[in-house]
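Fold and geometry: a report
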Amino acid sequence: MSNLIEERYDVVVIGGGPAGIAAAIRATELGLKTILLENRDVLGGIPLQCVHPGFGLHYFKEDLTGTQFIHRFFERMERIGVEYITSAHVHSIEYRDYMEKVVNVITRKGVLRLYSKTIIYTVGARERTLFEIGVVGDRPDGIYTAGEAQTMMDIYGVLPGKDVVIIGSGDVGLIMARRFALEGARVKAVIEIMPYPGGLMRNVVQCLRDFNIPLLLSHAVISIAGKKRVEKVTVVKVDEGFRPIPGTEFEIACDTVVIAAGLRPNIDLLERLSIAIDPATGGPMVNELLETSIPGIFVAGNALVINDLADYVVEQGEKAAEGAKIFIENSGIPAEEWKPVKRGRNIRLAIPHYISGERSVTILARVAKPEQRVFVEVPEVGYKTFHMAVRPAEMIRLDLSKDALSKAEKSVTIEVKPIAY
Amino acid sequence: MHRYRVAIVGAGIIGASIARILSMYENIDVSLIEKEPDVGWGVSKANTAIIHPGHEEDPKSYPLRARLCREGNELWREWVRELDIPAKWPGELMVFTSVEEEKAAEKYIEFAKVNKVPGVRVVYREELRALEPTVNPDALGAVYAPTAGMISPMEAVIAIVENAVENGVKLFTETEVFNVRVSANRVIGVDTNRGFIEADIVINAAGLYADKISNVVSVDTWFFIKPRRGEYLLFDEDVDIKPTRILHTVPTLVTKGVYVVTTVHGNLMIGPTAEDLPVDAKEATSTTREGLEYLWREAGKILKVLPLRSRVIRTFAGLRPEPPNGQWLIKAYDSPWGFVNVAGTRSPGLTAAPAIALHVLEQMKSVFDLRLVKKEKWNPFRKDIVRVRNRSIEEIDRLVETNPDYGEILCYCRMVSKAEVIEAIKRMKAIGVKTITVDGIKFRTYAGMGKCQGSFCRWRVALLVSKYTGVPLESVVVKRSSYGVGDVKLLLRVRTAKGQG
């Protein structure tokens, strides 16, 4: 019937950002026949456009810009000889059986059908839009997501606007506030609906305070007005339930609105395979090797869970590659029994979702609300660490050893407890 | 300067349809004049996209609306085939949830009889649920009208204009008519921001502004248009709840009902609200919190399950041109000779558009001595842009073989290729669009219409516009303003120089 180009692989990595690159490098190092697919015309993903530092502190023990960080991986790729294709768009994934998946890829040379034992899905996240956060009013030009604004500025050298209001004080919003300020734009305000900033403390200081940019906590942009271009936004104070408090409305004149209202794992292709999704993360449910509910399909990076640091993303990519290796060697991930990871007090999300207890595990968790002077505990294994403060913006990392985990019988629970609980 | 036989003011669905009909004739050359950078950006852009069956039009109060609605419904079936316009014909269900609503719904069965709308009948619970499993199980029944259809209104305008231009119509964009010139009680043309356009006949199809144009020639001076705002919720194409049939609530005195539909592009859509605005609020397309909340409540009456709020990908509002007493003003005048009003064509204006165009021609024939001569070579056909989306991988492979640009996907959400964007730019230039906008490309290719709303593809599209038009990236127009304000490095250099000075 068709003469589509067909190839066989051990691992097909979908998405050429830091998670995918790290996964492809590791898988190739482990001797697996691997190919990395990227739909942009360059590899690198989001760090390519991140001219700010803060990358690599954890992984390289150095403070690098996003561009420097990702170039380290390009060098490794080259050294190891990782096979990759850019401008390659995954049309669909077919799950044929336990050991065979097909990735259909649209390229300028035609459609490729890649047969693979495993898939590592690392397509990253997408940004929430104006409409998802319920802003009403006009829909003029001058509204950008933070990522789009960053692409314009730092890849193409185009300044989106001059008088800017930023919605959301996550790291992305904070960094973009500074980025605009550095170009001479006036950042009128960063608006945050929560009573605390959404980003890392270091970014609040370095990106806002150092530039005298006002941060309005417990405030929301409720509407945008403008005929051709944005002219102003209406801001309102919100109560604990995020409901606007009548009578507190005020306007801010601006020509640009930047939406930095959070990211969502981009899981479209996986959703079509009816994969199990965790509503708390918005990403797939996974085991400790980051395998999803579909055997042999792994996920890493922001497609799994929105991470604080690219360093974590890279670790996840490597972990998934190791998972792929184990999957291929054992025709599946060996485990006597899968034990759920439960979310206890003040834990909003935790990765992974289930563990075998037969391997050491790194658990990443996020709290629901900020607290001071607490213990993070896993009672089933006797894990307990003291934290001066926990904040939703900062992931908690728990390294649990194989030995410790052997104590857990049915499940493990992550919880946060105040000192005098 | 060229003297046109006919100048049509407004390239919306009505103006475009009239242009297409007139383009069939040898001795009628037509200029189609639009104030916006592109066609269809007014009333045609934001509406419910329904091709109504005609059973909702009261034949006593609105005989013209009733007749042209039914005729338009039939004509569209032909037009969408000839012009390759995305359309479907799922039929509609006017869902009633109480005995009072059932009573109110019964009158439409009567209207259907008088208006000769085929197949309209009441269906009760079991059949209703069989026809539409997503419907609220508490609903008592519905008026089923099998001839209802849906189209993509923007693409319809684009297709019709492409076809009309192919057949000799001249499109002027970014050309705003501010006066209709009359001499010796005859229309002689229109004054625009781009100068005088000479024409023997001026057809006013200016949508929301049709009252202003009509008033310049002082005909039917009682006439005015009140914008009626309709807000909508549009959902991600991946939501589970997607009715096969068109669902809507029973119309009341105030509203035509809220519709719950799956668009021709596969998105769940809920709307509209109905809010009467002052005569001069002709650009008031803001959405409101109250309006959107109302839609959620109304949709809850007819749907079994509502989708998650987080799956809304866009909210928008459109304005309908509401004339006094809901009466369309379609008339050819002999004083001043040569003026034609096609004004206040509120719902079912979209449905009736092809029939309105034919009706306008009849009016013109009876008042003006047109002596029409049919063109020997009139091309009724227009092909849509060839798209990657919804094709099998084998088909896509063959497309890529013909043009590698089909193998480069720019919009991930909607799977739109570079080839499609380039084709859209070519077609915009071909019809005479002066400013190639990112929005214009969106309407032609769907790039940016998915869940990310363009955050991944807008700059890619803008780059192509820049490449194919020579406009610097920062100056590419998105909708009505530029993508950026300048080159980062240039701006910096200017500031540094100033600082040193």
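Reading the values: the criteria
- Residues numbered from 1 in each chain as written.
- Chains lettered and ligands numbered in written order.
- Predicted model: local features only at pLDDT ≥ 70, side-chain atom pairs only at ≥ 80, totals over all residues.
- Helix = DSSP H or I, 4+ residues; strand = E, 2+ residues; numbered from the N terminus.
- Rg over C-alpha atoms; globule rule 2.2 N^0.38 Å.
- Buried ≥ 20, exposed ≤ 12 C-beta atoms within 10 Å, placed from the backbone.
- Contact = placed C-beta atoms within 7 Å.
- Domains from an automatic or database assignment.
- Nonpolar A, V, L, I, M, F, W, Y, C, P; charged D, E, K, R; others polar.
- pLDDT = per-residue confidence, 0-100.
- Pairing = 2+ DSSP bridges.
- Right-handed = clockwise from strand over helix to strand, strands pointing away.
- UniProt positions renumbered as here; feature names shortened; annotations may be inferred.
- Expected span 1.5 Å × (residues − 1).
- Axes fitted to C-alpha atoms, helices over the stretch in contact; angles between N-to-C directions.
- Left-handed = near helix turned anticlockwise from the far one by under 90°.
- Parallel < 35°, antiparallel > 145°, perpendicular 65-115°, else oblique.

Per an unreviewed UniProt entry, chain B goes by the name FAD/NAD(P)-binding oxidoreductase and belongs to Ignisphaera aggregans.

The subject of this paragraph is the overall build of chain A. From N to C terminus, chain A includes eight helices and 27 strands. Relative to a compact globule of 421 residues, whose C-alpha radius of gyration would be 22 Å, chain A shows 22 Å and is just as compact. Viewed in the frame of its principal axes, chain A has a C-alpha envelope of about 65 × 60 × 40 Å. Taking all 421 residues of chain A together, 55% fall into the buried category. By sequence separation, contacts in chain A at least 24 residues apart represent 63% of the contacts at least 6 residues apart.

This part is about the overall build of chain B. Per the secondary structure count, chain B includes 13 helices and 23 strands. Its C-alpha atoms give chain B principal-axis dimensions of roughly 80 × 60 × 50 Å. Residue burial in chain B is summarised as follows: out of 501 residues, 55% are buried. Taking the contacts inside chain B whose residues are at least 6 apart along the sequence as the reference set, 74% of them involve residues at least 24 apart.

Below, the discussion takes up the environment of B:Lys479. Examined against the element boundaries, B:Lys479 turns out to sit in the loop between α12 (458-469) and β23 (486-487). Of the residues examined, B:Lys479 has 19 C-beta atoms within 10 Å and is grouped as partly exposed. Along the primary structure B:Lys479 and B:Glu36 are separated by 443 residues, whereas in three dimensions their C-alpha atoms are 10.0 Å apart. Here B:Lys479 is in contact with A:Asp141, B:Thr437 and B:Asp439, once residues within four sequence places are set aside.

Residues and elements named next belong to chain B. Under the domain assignment used here, chain B contains domain 1 (1-87 + 151-222 + 324-384), domain 2 (92-146 + 226-322) and domain 3 (393-475). Centre-to-centre separation of domain 1 and domain 2, based on C-alpha positions: 28 Å. Across the side of domain 1 that touches domain 2, the residue classes break down as 13 nonpolar, nine polar and six charged.

Looking now at the confidence of the model for chain B. Residues and elements named next belong to chain B. In the predicted model, chain B carries a mean pLDDT of 95, and the fraction of residues at 70 or more is 97%. Taken together, the stretch residues 497-501 has pLDDT below 50 and engages in zero contacts with residues farther than four places along the chain or on a different chain. In the predicted complex, the global pTM is 0.96; the interface-specific ipTM is 0.95.

Our next topic: the interface of chain A and chain B. On the side of chain B, 45 residues touch chain A, which itself brings 44 residues to the contact. Going through the elements one at a time, β4 (89-97), β5 (100-107), β6 (110-121), β7 (125-127), β8 (136-137), α3 (146-154) and β10 (158-159) of chain A are the ones with two or more residues in the side of chain A that touches chain B. A breakdown of the residues in the side of chain A that touches chain B according to their chemical character gives 12 nonpolar, 17 polar and 15 charged. Across two bridges, β10(A) lies against β23(B) in antiparallel orientation. When the bridges of β23(B) are listed, A:Leu159 appears paired with B:Gly486.

All names here are of chain A. Of the strand pairs in this sheet, strand β11 (residues 163-167) and strand β12 (residues 186-191) are connected by five bridges, and their pairing is parallel. The residue of β12 that forms the bridge with Val165 is Ala189. For the crossover that starts at β11, traverses helix α4 (residues 171-182) and ends in the parallel β12, the hand is right-handed. With two bridges joining them, β12 and strand β13 (residues 215-216) adopt parallel strand pairing. Paired with Val190 across the strands is Leu215, a residue of β13.

This part takes up the UniProt feature "domain: BFD-like [2Fe-2S]-binding" (unreviewed entry) in chain B. UniProt records the feature "domain: BFD-like [2Fe-2S]-binding" (unreviewed entry) for residues 409-463 of chain B in the present numbering. Across residues 409-463 of chain B, the secondary structure splits into 51% helix and 9% strand, with the terminal C-alpha atoms separated by 14 Å.

Before going further, it helps to spend a moment on the sheet that holds strand β14 (residues 219-225) of chain A. Taken together, four strands build an open sheet; the order of strands is β8-β14-β15-β16 (chain A) and the sheet is mixed. Bordering the open sheet on either side are β8 and β16 (250-253) of chain A, each of which pairs with just one other strand.

All names here are of chain A. According to the domain assignment, chain A consists of domain 1 (1-126 + 263-332), domain 2 (129-261) and domain 3 (335-421). Between the C-alpha centres of domain 1 and domain 3 there is a distance of 26 Å. Listed by partner, the interface residues are 13 residues for domain 1 and 14 residues for domain 3. Broken down by class, the residue content of the side of domain 1 that touches domain 3 amounts to seven nonpolar, three polar and three charged.

Turning to the environment of B:Val177, a few remarks are in order. All names here are of chain B. Turning to its location among the elements, Val177 is positioned in strand β10 (residues 177-183). By the C-beta count within 10 Å, which is 26 here, Val177 ends up buried. Ignoring any residue separated from it by four or fewer positions in sequence, one finds Val177 in contact with Val9, Ile33, Val190, Thr192 and Ile213.

Looking now at helix α5 (residues 153-166) of chain B. Residues and elements named next belong to chain B. Helix length check: α5 (14 residues) gives 20 Å between terminal C-alpha atoms against 20 Å at 1.5 Å per residue, within 8%. Within α5, 13 of the 14 residues are buried, which leaves the element mostly enclosed by the surrounding structure. Taken from the residues just after α5, Gly168 is the one with a positive phi, measuring 105°.

Moving on to the packing of α3(A) against α4(A). Residue and element names in this part refer to chain A. Between α3 and α4, the shortest axis-to-axis distance is 10 Å and the interhelical angle comes to 35°. For the pair α3 and α4, the crossing hand works out as left-handed. Residue-level inspection shows Ala146, Ala149, Gln150 and Met153 of α3 in contact with α4, the latter providing Val172, Gly173, Met176 and Arg179.

Attention now goes to unusual backbone geometry. Of note, the bond from A:Ile351 into A:Pro352 is cis; its omega dihedral lies within 30 degrees of zero at -5°. In this model, B:Ser335 is joined to B:Pro336 through a cis peptide bond whose omega is -5°. If you trace the backbone, B:Pro336 turns up in the loop between β19 (329-334) and β20 (337-343). Look at A:Asn212: it is not a glycine, yet its phi comes out positive at around 55°. By secondary structure assignment, the location of A:Asn212 is in the loop between α5 (201-208) and β13. Even without being a glycine, A:Phe242 presents a positive backbone phi close to 65°.

Residue and element names in this part refer to chain A. Here we have five strands laid out as an open sheet, ordered β9-β17-β11-β12-β13, and parallel in their pairing. Unpaired on one side and paired on the other, β9 (143-145) and β13 mark the two borders of the sheet. The strands touched by α4 within the sheet are β11, β12 and β17 (256-259), with β12 carrying the most contacts at an inclination of about 170°.

Residues and elements named next belong to chain A. You can see Ile191 is positioned in strand β12. Judged by C-beta crowding, with 26 C-beta atoms within 10 Å, Ile191 ranks as buried. The spatial distance from the C-alpha of Ile191 to the C-alpha of Gly173 is 9.4 Å, given a sequence separation of 18 residues. Those residues within four positions of Ile191 in sequence are excluded, and the remaining contacts are Val165, Ile166, Ile167, Leu216, His219, Ala220, Val221 and Val235.

Residues and elements named next belong to chain A. With 12 residues, helix α1 (residues 18-29) ought to run about 16 Å at 1.5 Å a step, and its terminal C-alpha atoms sit 16 Å apart, in line with that. Among all positions of α1, only Pro18, Ala19, Gly20, Ile21, Ala22, Ala23, Ala24, Ile25, Arg26, Ala27 and Thr28 are buried. Considering only its buried residues, α1 is in contact with β1 (5-14), β2 (34-37), α2 (66-80), β3 (83-85), β6 and α7 (310-330).

As a further point, take the packing of α4(A) against α5(A). All names here are of chain A. Running from N to C, α4 and α5 point in directions that differ by 20°, and their axes come no closer than 8 Å. The angle between α4 and α5 places the two elements in the roughly parallel class. Relative to α5, α4 is oriented so that their crossing is left-handed. Mapping the contact onto sequence places Asp171, Leu174, Ile175, Ala177 and Arg178 in α4 and Asn203, Val204, Cys207 and Leu208 in α5.

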